[in-house]
Amino acid sequence: MEKQPRLLASQLLLKNSLFEVSLNRVLLTWKEIATKKKRVSGGIHHPFKVGTSHGVSVSEILAVRELDVDCGTKDDGRWQKMPQKSTEAYPYAFTVSYVERAWQHRWRCSDVTFHCLEGALCQQWVQTIREQLTALTSRPKHLLVYINPYGGKQQGERIYEQKVAPLFTLASISTHVIVTEHANHARDHLRTEAELKKYDGVVCVGGDGMFSEMVHGLVSRTQRDNGVDQNSPEEKLVPCTLRIGIIPAGSTDCICYATVGINDPVTSALHIIVGDAQPMDVCSVHHNNTFLRYSVSLLGYGFYGDMLADSERKRWMGPARYDFSGFKTFLTHHYYEGTVSFLPATDILGTPRDKTRCRAGCFICQHNGQLYSEDAPEICETDPDVSDSEYKGGWRVIRGKFLAINAASMSCACPRSPKGLSPAAHLADGTTDLILVRKCSRFNFLRHLLRHTSKYDQFDMTFVEVHRVRRFRFTPRYCQSDSELDLRENGKRLFSQICRDHPACSCSPAYSSWNCDGEILPHAAIEVGCVTTPYNLLCKYTVHSESIQTPSLFPHFFTL
Ligand SMILES: CCCCCCCCCCCCC/C=C/[C@@H](O)[C@H](CO)NC(=O)CCCCCCCCCCCCCCC
Ligand SMILES: Nc1ncnc2c1ncn2[C@@H]1O[C@H](COP(=O)(O)OP(=O)(O)OP(=O)(O)O)[C@@H](O)[C@H]1O
Ligand SMILES: [Ca+2]
């Protein structure tokens, strides 16, 4: 790495020991100087070993402030008393707040206080570090924050006030905070009223549903302003310039977990402050040339659709509603007949069965999925292995009975499944992983579900297949007509009709619902296109080579 010229270097006191402190454009470092007079004040234990070097990247410094030597400094509401002995010898001091990596992808704010002999030197340090911070143009200065007071365990406001707001203040970020009053409040405000020019980013405090509101508000507004017809499935989305940050306070928090590696409000706030950004894939969902919704995490039909429909009536249960409805849906064991057609992404590197994971600096995402694999399979018009599938103009068509049809545009990792629905999915490669779970026994389906919580491969089962796709369509077998309007009513009518016609059937209804990032879609027949648009999240995984810990919800003494 190119050696950076030093901006400042001084001998400063830290916890009663003398340190060589140095700053260049990239790093702030401090190293203890081994002298006989190591302990200036004497008697006070300090944790630093002689000669141990410490460093923090300038890009991860949150703030710097001068200490008022006479009365300490006001730091997060707590007054700090200056140590008596060092005040005498080194009467001026400044504190640097920076990001410290903690356990399992967590970030914490740490402070280090340096004491100086002269006031001028102290001011020079503070000013130089501030100049370095000002030069970091990717950092947000003005944020528009929406808090959903009813997401997850209804802790959004408390989480923001206690854990996030003090950090934004420390980093001199000004905020305009709106506590939402009803569903879609944030979406509509963003779409019509919000003065977006005033902000460097929007932040939501809530779950995936709130994030979805942000995406819909911002993306819709950008398309409208640029004359893009959202109803046309072929139209290219115009990227919007504002970034979206997410402070987790929901029930699943999959978008946060899959991008940051943990659902921790402080970690997310720190990622936002340092200006981390991560482009992500956005799928647009249409029905008969009518735009329905965007999806960034899961589009799920069958199991996840039925589970969500049931859980919506149990919102009062909080996050536990998903476990309750998940168990109930598992017991009902409904399958759905239909046709899935998809355009395989054959021109890219990577498959859903890869062992590598999408992490910060991901090679595939850096190339926006535009990498051509030499091993890319030729599209053939028939597939001898799969009797109920065929190819039509590059599209593959599969008819069958499915317990679940899931499209994961990202891994969908969350606390319930730390590796996610599709562990090798990429955040920004312009593809979605289409997972087809065919009709199988309850026991086998349970084995499949359980594997989401262990190290075993959930796709390595005869009734499961997974494809990396650019577009897909689904048509339920009993698709009434183009004017399939009220899904629920049609579904009920059709369900009883089928049962009358086939008394011995297992009473699976004709239609399930689509779970689109936690919202129910009003149609079963849909067409989906996935594109990478630079809708930047204000966050990203920070671990490069290390894989996420995948603690199992259940002890796995045997391979299921
Ligand atoms: C036996 C244990 C199996 C555990 C299997 C866990 C798989 C979990 C996979 C989670 C994937 C999350 C995808 C993200 C979706 C979000 O856009 C959306 C909005 O927030 N959340 C949900 O739809 C909410 C999704 C919540 C899913 C909860 C599923 C719970 C299943 C429970 C099945 C119990 C069977 C027990 C039989 C003894
Ligand atoms: N003030 C409000 N009153 C009622 N509903 C709201 C309000 N603000 C937002 N909502 C809606 O609440 C729904 C759920 O919000 P959110 O995603 O924050 O939490 P969650 O559903 O518990 O978590 P997750 O989406 O992670 O499972 C969203 O669809 C959002 O539109
Ligand atoms: Ca993707």
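As the structure is a computational prediction, the values presented were derived from the model and not from experiment. All residue numbers here refer to positions counted from 1 along the written sequence of the relevant chain. In the order they appear in the text, chains get letters beginning with A and ligands get numbers beginning with 1. At least 70 in pLDDT is required for a residue's local features to be given in this predicted model, at least 80 for side-chain atom pairs to be given and counted, and no such filter applies to totals for whole chains, interfaces and linings, which use all residues. Heavy atoms from the whole structure form the basis of all side-chain values; hydrogens and water molecules are not counted.

1. Let's talk about the coordination of the calcium ion (ligand 3)
Only Asp281 (OD), Ser409 (O), His426 (O), Asp429 (OD) and Thr431 (O) from the protein reach the calcium ion (ligand 3) as donors, at distances of 2.2 to 2.6 Å. Motif for the calcium ion (ligand 3), donor spacing along one chain: D-x127-S-x16-H-x2-D-x1-T. Here serine 409, found in the loop between β19 (395-408) and β20 (432-438), pairs with threonine 431, found in the loop between β19 and β20; they are 22 residues apart in sequence, far enough to count as distant. Using a relative accessible area of 2% as the deciding quantity, one classes threonine 431 as buried. Water is not part of the atom set, so a site may look incomplete; the donors themselves are N, O and S atoms within 2.8 Å of the metal, or 3.2 Å for Na, K and Ca. Where helices and strands are cited, they refer to DSSP runs of H or I of at least four residues and of E of at least two residues respectively, numbered from the N terminus. Throughout this description, buried means an accessible area under 20% of the type-specific maximum (1.4 Å probe, protein chains only), exposed means over 50%, and partly exposed covers the range between.

2. Some thoughts on helix α9 (residues 320-332)
Along its 13 residues, α9 runs 19 Å from first to last C-alpha, staying within 8% of the 18 Å computed at 1.5 Å per residue. Within the span of α9, buried status applies to Arg321, Tyr322, Ser325, Gly326, Thr329 and Phe330. An end-on view of α9 places all buried positions within 155 degrees of arc, on one side of the element. Contacts from the buried residues of α9 go to α8 (303-312) and α11 (442-451). Helix span, as expected, comes to 1.5 Å for every residue beyond the first. Directions are taken from the helix axis to each C-beta atom, and the arc is the one they span. Contacts are assigned to residue pairs that have any heavy atoms within 4.5 Å of one another.

3. Section: the pairing of strand β17 (residues 336-344)
Within β17, eight of the nine residues are buried, leaving the element largely enclosed by the surrounding structure. When DSSP finds two or more bridges between a pair of strands, those strands are recorded as paired. One ladder, built from seven bridges, connects β17 with β19; its direction is antiparallel. Paired with tyrosine 336 across the two strands is phenylalanine 402, which belongs to β19. Where β17 and strand β21 (residues 464-476) come together, seven bridges link them in antiparallel fashion.

4. Section: the packing of helix α3 (residues 156-170) against helix α7 (residues 265-274)
Axis geometry follows a simple rule: fit a line to the C-alpha atoms, using only the stretch in contact for helices, then measure angles between N-to-C directions, giving values from 0 to 180 degrees. Two elements in contact, α3 and α7, have axes separated by 10 Å at closest approach and are oriented at 30 degrees. The angle between the axes of α3 and α7 places the two elements in the roughly parallel class. The hand of the α3/α7 crossing is right-handed. The segment α3 lies against α7, with Ile159, Lys163, Val164, Leu167 and Phe168 engaging Pro265, Val266, Ala269, Leu270, Ile272 and Ile273. In what follows, roughly perpendicular refers to angles from 65 to 115 degrees, roughly parallel to angles under 35, roughly antiparallel to angles over 145, and oblique to any angle outside these ranges. The hand of a helix crossing depends on one turn: near helix anticlockwise from the far one by less than a right angle means left-handed, and clockwise means right-handed.

5. Some points on the packing of α9 against α11
Running from N to C, α9 and α11 point in directions that differ by 145 degrees, and their axes come no closer than 10 Å. Only Arg442, Phe445, Leu446 and Leu449 of α11 make contact with α9, whose side of the interface consists of Phe330, Leu331 and Thr332. The class makeup of the residues in the contact of α9 with α11 is five nonpolar, one polar and one charged. Lys, Arg, Asp and Glu make up the charged group, whereas Ala, Val, Leu, Ile, Met, Phe, Trp, Tyr, Cys and Pro make up the nonpolar group; the residues left over, Gly among them, are polar.

6. Overview of the site of ligand 2
Around ligand 2, the surrounding shell holds 24 residues, and the nearest of these are Thr180, Gly207, Gly209, Glu213 and Ser251. With respect to ligand 2, the side chain of threonine 252 contributes an N or O atom lying 2.9 Å from an oxygen atom. N or O atoms closer than or at 3.5 Å make up a polar contact, with two conditions inside protein: a donor-capable atom paired with an acceptor-capable one, and, for residues adjacent in sequence, both atoms drawn from side chains. Tyrosine 322 is positioned with one of its side-chain polar atoms (N or O) 3.1 Å from an oxygen atom of ligand 2. Accessibility throughout is a Shrake-Rupley quantity obtained with a 1.4 Å probe, and a residue counts as covered only by protein chains that appear here. For ligand 2, the protein covers 89% of the area, taking 630 Å² as the surface of the free molecule. Listing elements by their share of the shell around ligand 2, those giving two or more residues are α5 (208-225) and α9. Whether a residue is near a molecule or strand depends on its heavy atoms: if one lies within 4 Å, it is near.

7. Concerning unusual backbone geometry
With phi around 50 degrees, asparagine 288 is a residue other than glycine that occupies positive phi space. Structurally, asparagine 288 is set in the loop between β14 (278-287) and β15 (290-295). Positive phi values are uncommon outside glycine, yet aspartate 517 reaches one of about 50 degrees. Locating aspartate 517 in the fold gives a position in the loop between β22 (514-516) and β23 (519-520). Looking at aspartate 517, the relative accessible area reads 5%, which means it is buried.

8. Details of helix α2 (residues 119-134)
Between its first and last C-alpha atoms α2 spans 22 Å; for 16 residues at 1.5 Å apiece the expected length is 22 Å, and the two agree. Within α2, the full set of buried residues consists of Gly119, Cys122, Trp125, Val126, Thr128, Ile129, Gln132 and Leu133. The secondary structure elements touched by the buried residues of α2 are β1 (6-14), β2 (17-24), β3 (27-32), β5 (61-67), β8 (92-101) and β9 (107-116).

9. Here we look at the nonpolar core
Side chains that are nonpolar tend, in soluble globular proteins, to be buried together. Put simply, a nonpolar core is a bunch of buried Ala, Val, Leu, Ile, Met, Phe, Trp, Tyr and Cys residues held in one set by side-chain atoms that sit within 4.5 Å of each other. Judged by nonpolar contacts, the single largest core of 65 residues is most densely connected at Tyr146, Leu190, Phe211 and Met214. When residues are assigned to domains, this core turns out to be shared by domain 2 (138-276) and domain 3 (280-373 + 388-532), each giving three or more. Setting aside residues up to four positions removed in sequence, leucine 190 forms contacts with Leu144, Tyr146, Leu196, Val202, Met214, Gly217, Leu218 and Arg221. An automatic or database domain assignment supplies the residue ranges for each domain.

10. Thoughts on the packing of aromatic side chains
Aromatic rings considered in pairs are described by the distance between their centres and by the relative angle of their planes. Side-chain rings of Phe, Tyr and Trp, where Trp is taken by its six-membered ring, are said to pair if the distance between their centres is within 6.5 Å; with planes under 30 degrees apart they count as stacked, over 60 as edge-to-face, and otherwise as tilted. Within the structure shown, the criterion is met by 14 aromatic pairs. Judged by centre distance (5.5 Å) and plane angle (75 degrees), the rings of tryptophan 30 and phenylalanine 114 are edge-to-face. Of this pair, tryptophan 30 sits in strand β3 while phenylalanine 114 sits in strand β9; the two residues are 84 residues apart in sequence, bridging distant segments of the chain. An identical accessibility class is assigned to tryptophan 30 and phenylalanine 114; each is buried. Arranged with centres 5.1 Å apart and planes meeting at 85 degrees, the rings of phenylalanine 303 and tyrosine 304 form a pair that is edge-to-face. Considered together, phenylalanine 303 and tyrosine 304 belong to a single accessibility category, that of buried residues. Of the aromatic side chains, those joined through ring pairs into one cluster are Trp30, Phe94, Tyr98, Phe114 and Trp125. For lysine 439, the ring lying beneath its charged end belongs to tyrosine 335, and the centroid distance is 4.6 Å. Charge-over-ring placement is defined geometrically: NZ (Lys) or CZ (Arg) within 6 Å of the ring centre, and within 35 degrees of the ring normal.

11. Some thoughts on the confidence of the model for the protein chain
Overall, the predicted model of the protein chain reaches an average pLDDT of 83, with 78% of residues at or above 70. Confidence of the predictor at the level of single residues is given by pLDDT, which spans 0 to 100. pLDDT under 50 marks residues 373-386. Its contacts with residues more than four places away, or in other chains, come to 20 contacts. Predicted confidence is poor over residues 482-486, with pLDDT under 50, and the contacts of this stretch with residues over four places away or in other chains come to eleven contacts. We note a pTM of 0.86 for the whole complex and an ipTM of 0.97 for its interfaces.

12. Observations regarding the site of ligand 1
Close to ligand 1 lie 25 residues; Asp208, Thr252, Ser297, Asn515 and Asp517 are nearest. Between an oxygen atom of ligand 1 and a side-chain N or O atom of threonine 252, the distance comes to 3.1 Å. The protein chains hide 89% of the 860 Å² of surface that ligand 1 would expose on its own. Contributing elements (two or more residues each) for the shell around ligand 1: α8, α9 and α11. Residues of the shell around ligand 1, tallied by class, amount to 14 nonpolar, eight polar and three charged.

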